[in-house]
Amino acid sequence: MNGLTFDIAHMLAGGLVLVSMMMLYQDRLYALLNVFALHSLVLTLSVTWQAFVQDAPHLYMTAAIALVFKAIIIPVALHRMIRQLGIHREIETVVGIGPTMLAGIGLIALAMAVMLRVTTEADPLAREDLAFALSVLLLGLLTMVTRRNAVSQVVGFMSLENGLVLAATGAKGMPLVVEISVAFSILIAFIVIGVFLFRIRERFDTVDVRALDDFKGRRRK
Amino acid sequence: MVVISALLTQAFQMALVVLLAPLLSGFIRKLKARLLRRQGASLIQPYRDLLRLLRKDVVLAENASWLFRVAPYLIFAVTWVAAAIIPTFATGLIFSWTADLIAIIALLGSARFFLALAGMDVGTSFGGLGSSREMMIATLAEPSMLLVIFTLALVAGSTQLSTIAAFMTSPEVGLRVSLGIALIALIMVAIAENARIPVDNPATHLELTMVHEAMVLEYSGRHLAMIELAASLKLLLYISLIACIFVPWKLAALAAGPAAYAVGMFAYLAKLAVGGALLALFETATAKMRIFRVPEFLGAALMLGLLATLLLFVSRSL
């Protein structure tokens, strides 16, 4: 394995983890969306580099999908959605930023501990890619858990999906059909979630998910 | 003969940092003013300020103890020693073998300790307020700094700055995400430590926001000159530290001769100018944050330090 090849892949995948951490740090919606766009951009770069290294042209396609849909269309759509819902000034986290970030560090450590032990035979590039991908995935889950606002939960879900794509590109030989279907299912999920957001908003006058609990008659503290 | 030339080089380095520090502050102020479309004071204004302060009488509060009078000299001396250890234009200076990065942190920590004590000494409310805020910042900034140093030490196998700089120029470093994260964390710590804009405003006297200025409010005359010089020296120290660790190119090797030293000098000046310009740009682009958000900001630096150490496990040694 050429040193520089590994280094660049390492930088890009590590950068993705870093941007995931930045996502945990943001507590304003617009800032969160901008960081998500950055997240997708880093993913695009990472996938492009993998395509170049593995000499797999179909990965360029994946990179293009990530760039067009996740770095441009979805953030812009969410921007508009937030403006229409009138929640662009919302600041919302369940617990403070400090504990959240500590939990994030713990999850990254967990991902490293698990992945490095499980994949001892794989080649280094795939190994570190998988470890980083699992961290991104767990951080996306954490973002979803620690947010009250449905829009930022959507963003957490999208970043989780970015982690999936990173894992898929790290493992050699993922067919294009699978990737496209994953990308489209995400897009459909996004549209469905968007519709639901507006429905929730109509019904409860807010997109704070605690309102749903009240409706069910069970109160979260 | 070798010892004498080594001592001379070290003396030159010590003189250099003290002479350059006000110029750097002046440069940053001038650039900030220009970025705000103001004319700004001249580059050598900080020197003039220092000279004027040195000529003035000292006004002391009646209940000021000996500590209040000693503290400025102590702070200046300690900061100067710390700045003398950092390789600015050449590695392997004679001081750098006696103290490493952890010693630099300890030196700066004791300077801060004396500053906070002096702030409380006269017993005005501003001083106490500034000291307590400074200590709040310090409790988070120092562990973050130490974590960054641990990361560097794990990568380079040493806490000795000359060794780290030599390692960083060798080809086996490569691109490492840990080092990138450590750089971000170090910059955040440097901003907080030097009382620069998102954390503290160096040019304000508004009681809601000031930290460093509140502690030195009671000082005047030559005491204030010492403290001002120490503050600009600290800024220079942090910029040279970042330059020495992360962009150690063109540093002259041990006893490399005048030509290499000249190249190192020129590179050092260029690095300082770039660092100062970036700082000025950053400061004009951001707003000061609330004091209660500072723990979050520094907590993020701490987390980044931790993350950098963690990510070392997936680097090339895999």
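Since we're looking at a predicted model, the values are computed, not measured. (Residues numbered from 1 in each chain as written. Chains lettered and ligands numbered in written order. Predicted model: local features only at pLDDT ≥ 70, side-chain atom pairs only at ≥ 80, totals over all residues. Heavy atoms only, no water.)

A. Fine view of the environment of Leu 101 of chain B. Mapped onto the secondary structure, Leu 101 of chain B falls in helix H4 (residues 101-121). Those residues in contact with Leu 101 of chain B that sit more than four places away from it in its chain are Ile 149, Leu 152, Thr 159, Leu 161, Ile 164, Leu 241 and Ile 245 of chain B. (Helix = DSSP H or I, 4+ residues; strand = E, 2+ residues; numbered from the N terminus. Contact = heavy atoms within 4.5 Å.)

B. Summary view of a nonpolar patch on the surface. All names here are of chain A. Together, Met 22, Leu 38, Leu 41, Leu 67, Val 68, Ile 72, Ile 73 and Val 76 make up an exposed nonpolar region whose accessible area comes to about 600 Å². Listing elements by their share of the nonpolar patch, those giving two or more residues are helix H2 (29-54) and helix H3 (58-85). With five residues, the single largest contributor to the nonpolar patch is H3. Relative to the helices and strands, Val 76 resides in helix H3. (Patch = residues over 30% accessible without salt bridge, like charges linked within 9 Å, V, L, I, M, F, W, Y side chains within 5 Å. Areas by Shrake-Rupley, 256 points an atom, 1.4 Å probe, with all protein chains shown as cover. Salt bridge = Lys/Arg side-chain N within 4 Å of Asp/Glu carboxyl O.)

C. Molecular detail of the packing of helix H3 (residues 66-85) of chain B against H4 of chain B. Residue and element names in this part refer to chain B. Packing of H3 against H4 brings their axes to within 9 Å, and their N-to-C directions diverge by 160°. In terms of their interaxial angle, H3 and H4 are classed as roughly antiparallel. Here the hand of the crossing between H3 and H4 comes out left-handed. Each of Leu 67, Phe 68, Ala 71, Leu 74, Ile 75, Val 78, Thr 79, Val 81, Ala 82 and Ile 85 in H3 lies in contact with H4, whose residues at this interface are Ile 104, Leu 107, Leu 108, Ser 110, Ala 111, Phe 114, Leu 115, Leu 117, Ala 118 and Asp 121. For the contact of H3 with H4, the residue count by class is 17 nonpolar, two polar and one charged. (Axes fitted to C-alpha atoms, helices over the stretch in contact; angles between N-to-C directions. Parallel < 35°, antiparallel > 145°, perpendicular 65-115°, else oblique. Left-handed = near helix turned anticlockwise from the far one by under 90°. Nonpolar A, V, L, I, M, F, W, Y, C, P; charged D, E, K, R; others polar.)

D. Local environment of unusual backbone geometry. Residue and element names in this part refer to chain B. Unlike most non-glycine residues, Arg 37 shows phi in positive territory, near 60°. Mapped onto the fold, Arg 37 is located in the loop between helix H1 (2-35) and helix H2 (45-55). Phi is positive for Ala 195, which is not a glycine, with a value near 55°. Along the polypeptide, Ala 195 turns up in the loop between helix H7 (177-193) and helix H8 (212-215).

E. Focus on the interface of chain A and chain B. Between chain A and chain B, the contact holds 26 residues from the first and 21 residues from the second. Summing the contributions of chain A and of chain B, the shared interface buries around 2100 Å²; its carbon and sulfur component is 78%. In this assembly, chain A and chain B are joined by zero salt bridges. For the pair chain A and chain B, the interface holds one residue pair in polar contact (both at pLDDT 80 or more). Where the side of chain A that touches chain B is concerned, the elements lending two or more residues are helix H1 (3-25), helix H4 (97-118) and helix H5 (124-145) of chain A. Residue composition of the side of chain A that touches chain B, grouped by class: 17 nonpolar, five polar and four charged. (Buried area = accessible area lost by both parts, 1.4 Å probe. Polar contact = N/O pair within 3.5 Å; in protein donor to acceptor, adjacent residues only side chain to side chain.)

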